[in-house]
Every structure is written in structure tokens, then in C-alpha cells.
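# Fold and contact review
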Amino acid sequence: MGLDLYAGTLTRYYAHNWKTVVWQWAEENGYGFHRVTAEGDVLSEEEKMSPAQIQEEVENWRDQILAAVMRPGQKPYAAWIEDNDKPYFTDKPDWDAMGAMLLVAACHSYGEPVPATVKKHWEFRNHPLIDRLSQDQEKIWSLFRDTSCWLPLPDGILFQAPLPTGCQTMIATTAGLRRELETLNDLAWQADEDTILGWSRTEGYPADGQIGADGKITTEAEHMEYDTQSLAKFAFSIFYFGLKFAEENQVPILLDY
């Protein structure tokens, strides 16, 4: 399964009122698209509910989470607005690029050289440096802790809790994610914002083929290795885009796979 990043309301996400970039491209270019999730084709519980029912469930979950993470004597966190209409952002870093981004972060965190390339479909979680940083109790990054949701909150928090679907995951905050992305940029690239935002267009995966005007795919030699830095910058740019959108619109970020 591939990896997409979604920034928007949870109501819209669980109501399936959004389309991945691949889905959007397919529709724009006249191709059919069939999305298969981790649950396969089985009708999920949220698909049996109306958007209004989903919103009610999400708002109840949101309020419970906000109450649970509030510290004694602390002013309550403001609840972000949930609905099925607010705009959303999505893009597709996929697993190899996310792994490359984590590898660059781990190498710089421990003063090790960044490998020039990574293999296609590599098992990045098994890399010694990524595994080391994922267990480091002094350097705690949500990106290395199997986090799949970042809530629009002003403090850096990392905790385990169920999502509205009941699935247990690590949950963090956009404030914490911003600090992590800023740290990675300082360690690896020291790039300005315009440069970072441009990486989603100038860096990334080399093409294995292209679709011609006749709809036929022309296959080139398949790439079995990727440039580590290019993939890392590509994923970083997508995360940065998603973070900016989430901050400006006060919505969560989810990893979809």
C-alpha cells in the first residue's frame, strides 16, 4: 500500500469526501481509479454513517482527547472546527521517500554520513540509525514513533490513543511537527521556505515510464535505487506543505495508507 498525507478535518476524511492526488490525476486525464485501503473493499463503519453522524462522533472524540491531554492548572485547548466542507490538502510522499527523510534525520542526528542511494521498496524501519533514533529516549521525534495523526495544538505533545475509528496509534501535534521539521532542515539543508516548497516539484522519484496521448504507457528502465537526498527533500516538502496548510486552517494531519 502507498502512503498519502492528508491535512483537513477528520469529518471530511472519514466521510471519504476527499480524493488522493493519484485519484485527482486519473479523473483529470480520463482514467478510471479504484482505491483499495488497508481494509480492502469491505464497507467500513464510517461509510454506513451520514456526514452529520460522522461529525458528531469526531467532535465527541475530539473533546475527549482535548480533556485528556489538558494539564492541571492549564487553560483548556481551543477545539478546532470539524465539518465536511472545509478545504483539505493532500499529496503522496510514499514510503520510500518518507524513509529517506527519516534516514537523513537519523544520520545527521548521530553525525553519520548519509548514504547516496536507497533501494526501491526498502525496509527503512530496519535501518540501524532509524531504529536507534526511534528508541532514543533523549531525542524523541513523533516522525520516528509510528505517529499517524497530528492535531492542531500549540504545544508539543506525543501520546498513544485510539482514533475515532477505535484504531490505536501514536498522536502528536502540529506544534511538535513544526519543531521536528525545523530541526531537520537546520541539520541537513538550511533551506529557505521558497526552496523547501519547490522541492515537491523539483525532487523525488525518477519516472519509470510515461503515458502518451494515446493512453499507452511507455516503459523505461525501471529504477531500483533512488537518490537519498532527492527523495528526502521531496517528502520533506510535502510534510512542510501539509503543516503550513494545517496551521493556517487549524485542521489535523493524517497519514493515509
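This report concerns the structure included in the present document. Each chain has its residues counted from 1, running along the sequence as written. Note on the predicted model: pLDDT of at least 70 is required for a residue's local features to be given, and 80 or more for side-chain atom pairs to be given and counted; whole-chain, interface and lining totals, by contrast, use all residues. Water and hydrogen atoms were dropped before computing side-chain values, which therefore reflect all heavy atoms in the structure.

## Some words on the overall build of the protein chain
- Runs of E in the DSSP output that reach at least two residues are strands. Runs of H or I that reach at least four are helices, and both are numbered from the N terminus. Of regular secondary structure, the protein chain possesses 8 helices and 10 strands.
- Per-residue burial for the protein chain yields a buried fraction of 45% across its 257 residues.
- Between two residues, a contact is recorded if the distance between any of their heavy atoms is within 4.5 Å. Counted over contacts in the protein chain with a minimum sequence separation of 6, partners at least 24 positions apart contribute 69%.
- Put simply, the protein chain shows about 13300 Å² of open surface, and 50% of that area lies on carbon and sulfur atoms. Exposure classes here rest on a 1.4 Å probe applied to the protein chains alone. A residue is buried below 20% of its type maximum, exposed above 50%, and partly exposed in between. Only the protein chains shown count as cover for residues, and all accessible areas are computed by the Shrake-Rupley method using a 1.4 Å probe.

## What to know about the packing of helix 7 (residues 193-202) against helix 8 (residues 228-249)
- Only the stretch in contact is used when a helix axis is fitted, and all axes are lines through C-alpha atoms; the angle between N-to-C directions ranges over 0 to 180 degrees. Here helix 7 crosses helix 8 at 110°, and the two axes come no closer than 7 Å. Compared by their axis directions, helix 7 and helix 8 come out roughly perpendicular. Note on packing geometry: the crossing formed by helix 7 with helix 8 is left-handed. Note on element contacts: helix 8 touches helix 7 through Lys233, Phe234, Phe236, Ser237, Ile238, Tyr240, Phe241 and Lys244, opposite Glu193, Ile196, Leu197, Trp199 and Ser200. Just so you know how the angles are binned, under 35 degrees is roughly parallel, over 145 roughly antiparallel, 65 to 115 roughly perpendicular, and the rest oblique. The sense of a crossing depends on the near helix, which, turned anticlockwise from the far helix by less than a right angle, makes the crossing left-handed and, turned clockwise, makes it right-handed.

## Quick word on the pattern of salt bridges
- We define a salt bridge as a side-chain nitrogen of Lys or Arg found within 4 Å of a carboxyl oxygen belonging to Asp or Glu. The final tally for this structure, using the stated rule, is 7 salt bridges.
- For Asp4, the salt bridge is made with Lys92, and the minimal N-O distance between the two is 3.3 Å. Remark: Lys92 occurs in the loop between strand 2 (89-91) and helix 4 (94-109) and Asp4 occurs in strand 1 (residues 4-7); sequence separation between them is 88 residues.
- Here Lys244 ties to Glu193 by a salt bridge, and the two come within 3.6 Å at their closest N and O atoms. Placement of the pair is Lys244 in helix 8 and Glu193 in helix 7, with a sequence separation of 51 residues.
- The structure contains a network of salt bridges with shared partners spanning Arg178, Glu182 and Glu247.

## Structural notes on the sheet that holds strand 1
- What makes two strands pair is DSSP finding at least two bridges between them. Taken in spatial order, the 6 strands make up an open sheet running 2-1-10-4-6-5, and their pairing is mixed. Each edge of the open sheet carries a strand with a single partner, namely strand 2 and strand 5 (159-162). Direction aside, the axes of adjacent strands within the sheet are offset by 30° on average.
- Looking at chain direction, strand 4 (residues 147-151) and strand 6 (residues 168-173) are connected through 4 bridges and run parallel.

## Topic: the packing of aromatic side chains
- Here a pair means two rings of Phe, Tyr or Trp (six-membered ring of Trp) with centres within 6.5 Å. Their orientation is stacked below 30 degrees between planes, edge-to-face above 60, and tilted elsewhere. A complete count under the given rule lists 19 aromatic pairs for this structure.
- Residues Trp18 and Tyr88 carry aromatic rings whose centres are separated by 6.4 Å and whose planes lie at 80° to one another, so their mutual orientation is edge-to-face. Of this pair, Trp18 sits in the loop between helix 1 (10-14) and helix 2 (21-28) while Tyr88 sits in the loop between helix 3 (51-69) and strand 2, placing them 70 residues apart in sequence.
- For Trp18, a relative accessible area of 4% gives the class buried.
- The structure contains a cluster of three or more aromatic residues connected by ring pairs, namely Tyr6, Tyr13, Tyr14, Trp18 and Tyr88.
- Only when the NZ atom of a Lys or the CZ atom of an Arg is both within 6 Å of the ring centre and within 35 degrees of the ring normal do we say a charge sits over the ring. Directly above the ring of Tyr110 sits Arg132, whose terminal nitrogen or CZ lies 3.7 Å from the centroid.

## Considerations on unusual backbone geometry
- The backbone of Asp94 shows a phi angle near 65°, a positive value even though the residue is not glycine.
- In this structure, Asp94 sits in helix 4.
- Even without a glycine there, the phi angle at Asp146 is positive, about 60°.
- The residue Asp146 is located in the loop between helix 5 (128-135) and strand 4 in this model.
- By relative accessible area, Asp146 is classed as exposed at 54%.

## A short note on the pairing of strand 5
- Here strand 5 shows a clear split, with Phe159 and Ala161 buried on one side and none of Gln160 and Pro162 buried on the other.
- Inspection of the sheet shows strand 5 paired to strand 6 by 4 bridges, in the antiparallel sense. Residue pairing for strand 6: Ala161 is matched across the bridge by Thr169.
- The turn linking strand 5 back onto strand 6 is made up of 5 residues, and Gly166 within it adopts a positive phi angle of 95°.

## So, the packing of helix 4 against helix 6 (residues 174-188)
- Across the interface, helix 4 lies against helix 6 with an axial gap of 10 Å and an inter-helix angle of 65°. With respect to each other, helix 4 and helix 6 are oriented roughly perpendicular. The element helix 4 and its partner helix 6 pack so that their crossing is left-handed. Only Leu184, Leu187 and Ala188 of helix 6 make contact with helix 4, whose side of the interface consists of Met101, Val104, Ala105, His108 and Ser109.
- Residue classes follow a fixed rule: Ala, Val, Leu, Ile, Met, Phe, Trp, Tyr, Cys and Pro count as nonpolar, while Asp, Glu, Lys and Arg count as charged, and any other residue, Gly among them, counts as polar. For the contact of helix 4 with helix 6, a count of residues per class yields 6 nonpolar, 2 polar and no charged.

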